[in-house]
Amino acid sequence: MRLSRYFLPLLKETPSDATVISHQLMLRAGMIRQNSAGIYTWLPLGYKVLKKIEQIVREEQNRAGAIEMLMPTIQSADLWKQSGRYDAYGPEMLRIKDRHDRDMLFGPTNEEMLTDVFSSFVRSYKDLPKMLYHIQWKFRDERRPRFGVMRGREFLMKDAYSFDQTPEEARKSYNRMFVAYLNTFERMGLKAIPVRADTGPIGGDLSHEFVILAESGESAVFAHKDLVQMGAPGLDIDFDSDLQPVVDERTALYSAADDMHDPEVFAALPEDKRVEARGIEVGHIFYFGTKYSEPFDATVMGPDGKPGLVEMGSYGIGVSRLVGGIIEASHDDDGIVWPEAVAPFKVGIVNMRAGDEACDAACSDFYEKAVQAGLDPLYDDTSDRGGVKFSRMDLIGLPWQVIIGPRGLKTGEVEVKARKTGERENLSPDAALAKLAG
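Here is what the cut-offs are and how they apply
Residues numbered from 1 in each chain as written. Predicted model: local features only at pLDDT ≥ 70, side-chain atom pairs only at ≥ 80, totals over all residues. Heavy atoms only, no water. Phe/Tyr/Trp six-rings, centres within 6.5 Å; stacked < 30°, edge-to-face > 60°. Helix = DSSP H or I, 4+ residues; strand = E, 2+ residues; numbered from the N terminus. Buried < 20%, exposed > 50% of the residue type's maximum accessible area, 1.4 Å probe, protein only. Lys NZ or Arg CZ within 6 Å of the ring centre and 35° of its normal. Pairing = 2+ DSSP bridges. Axes fitted to C-alpha atoms, helices over the stretch in contact; angles between N-to-C directions. Salt bridge = Lys/Arg side-chain N within 4 Å of Asp/Glu carboxyl O. 1 Å grid on protein atoms, 1.4 Å probe; cavity = no way out; pocket = protein on both sides within 12 Å on 5 of 7 lines; lining within 4 Å. Points joined across faces, edges and corners; volume = space filled by probe spheres on them. Nonpolar A, V, L, I, M, F, W, Y, C, P; charged D, E, K, R; others polar.

Thoughts on the packing of aromatic side chains
Link 1 in the chain: As enumerated under the stated definition, the model contains 11 aromatic pairs in all.
Link 2 in the chain: An angle of 0° between the planes, with centres 4.0 Å apart, marks the rings of F118 and F163 as stacked. You can see F118 sitting in helix 5 (residues 111-121) and its partner F163 sitting in strand 8 (residues 154-164), a full 45 residues away along the chain. In terms of burial, F118 and F163 fall into one category: buried.
Link 3 in the chain: With a centroid separation of 4.8 Å and an interplanar angle of 75°, the aromatic rings of F288 and Y292 are classed as edge-to-face. The residues F288 and Y292 share a single accessibility class, namely buried.
Link 4 in the chain: Put simply, the rings of F178, Y181, F185 and F210 pair up and form one aromatic cluster.
Link 5 in the chain: Over the ring of Y86 we find K81, and its NZ or CZ is 5.2 Å from the ring centre.
Link 6 in the chain: The positively charged end of K291 is found above the aromatic ring belonging to Y292, 5.5 Å away from the centroid.

Some remarks on helix 12 (residues 386-396)
Link 1 in the chain: Considered for burial, the residues of helix 12 that qualify are G386, K389, R392, M393, D394, L395 and I396.
Link 2 in the chain: Within two residues after helix 12, G397 carries a phi angle of roughly 75°, on the positive side.

Quick look at the sheet that holds strand 4 (residues 74-76)
Adjacent strands of a sheet form backbone hydrogen bonds with each other and so pair up, either parallel or antiparallel.
Link 1 in the chain: Spatially, 4-6-5 is the arrangement adopted by the three strands of the open sheet, whose pairing is antiparallel. The open sheet has two free edges, formed respectively by strand 4 and strand 5 (94-97), since each of these has just one partner strand. On average, each strand axis in the sheet is tilted by 40° relative to the strand beside it, whichever way the strands run.

Describing the pattern of salt bridges
Link 1 in the chain: Within the structure shown, the criterion is met by 31 salt bridges.
Link 2 in the chain: Measuring nitrogen to oxygen at the nearest pair gives 3.5 Å for the salt bridge that ties E169 to K172. Pair noted here: E169 and K172 are both in helix 6 (residues 167-187), with a separation of three residues, about one helical turn.
Link 3 in the chain: Between D394 and R419 there is a salt bridge; the shortest N-O distance is 3.8 Å. In this pair, D394 is assigned in helix 12 and R419 in the loop between strand 21 (414-418) and strand 22 (424-427), connecting sequence segments 25 residues apart.
Link 4 in the chain: Connected via shared salt-bridge partners are K51, E54, R58 and E68.

A word on empty space enclosed by the protein
Link 1 in the chain: With the rule as written, the count across this model stands at two cavities of 30 Å³ or more.
Link 2 in the chain: By volume, the largest cavity is sized at about 80 Å³.
Link 3 in the chain: As for the largest cavity, its lining consists of L182, F185, E186, L190, K191, A192, P194, L227, M230, G231, A232 and R250.
Link 4 in the chain: Among the elements of the structure, helix 6 and strand 9 (192-196) are those that each provide at least two residues to the lining of the largest cavity.
Link 5 in the chain: Tallying contributions element by element places helix 6 first for the lining of the largest cavity, with three residues.
Link 6 in the chain: Across the lining of the largest cavity, the residue classes tally to eight nonpolar, one polar and three charged.
Link 7 in the chain: In this structure, the second largest cavity encloses a volume near 50 Å³.
Link 8 in the chain: In this structure, the second largest cavity is lined by G38, I39, Y40, W42, W137, V149, E154 and S320.
Link 9 in the chain: Residue composition of the lining of the second largest cavity, by class: five nonpolar, two polar and one charged.

This is the structure:
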């Protein structure tokens, strides 16, 4: 993409109501525009990051055996009245009426809707297990939306739902999602820590939040150092196995009690094994048994010929929230520092003298070859001053910059800069392409 043809409305000044760095940088970098409290338009740069995160989430859900579908944003209130959550959910639910005066709502989650779908079609234990998911916009009418996309009212979320015949099988489905989440966040360049959590309005008695460490995090995190340093299981994990040992490996590091926030528990750890930090929740998983299958009569015929309620779990990832979370975890004084897997463009090409015949030709040639190599480049072909171009590239945080100017062309070289480290290297254009494609 040539910058002269792109839509990238940068802000010179940080809006006064943006209090956290991700909100500030997303506004300044032309990623989003606020329409009303907690509701944003995703501009091209931000939308491209959002779609890359969404695709990683999708790939890891598919690999774990979940099946994608799509449910509507507007739901009938009758489903929520049937489960008993319509009144219990509270004012965060946006309740509306259609033209026929029927109670409707803008869905904050989908346990009721998918349980109703499942109970309409699945009748036998032979059709289990099943895990279904979608990636859809949700709405929760937060009293005080803040922190930009990290606590907005409208947000993009992946929610998955598992259906199993027995509690033992349901726990296996839970473990599959637990491991899939670790791999998902690892692929995005994040270190996610699973912590035991309250189930809240979703229900059930088993739940984990996945928290990434960031100085501006909403929650205090008290963890075992080994848990923070532990890598994800990896892309070759066998999802057909039990996976309980993988989960146990992590949960054992909560210490003897599962509440690391207990001062006595935390103090009992060796001092060199304590990590106290701030964290941002980016995922939440639940096992809640028959909480929803019972009111919807979601039963299957067992091998003994008797009907039984299915055991269920639900699994959420805040896709749009992750955009802000990644920025909170990866930025510096000059702007965003995107991990390569989610960067809107992999490389930014800077033409130091637009209008100069030799520079224009060299930049165009490098740009075309970068496109052919699948590097997804953003070519700054504008007539702006060099300092403006450098600041802009640092602000939007592309992993690599290739700087092409008259001085380097005299020796047949371009300058390659790594955004994360600031390291610079002079290479021939072909060597630079090979380095970036490697």
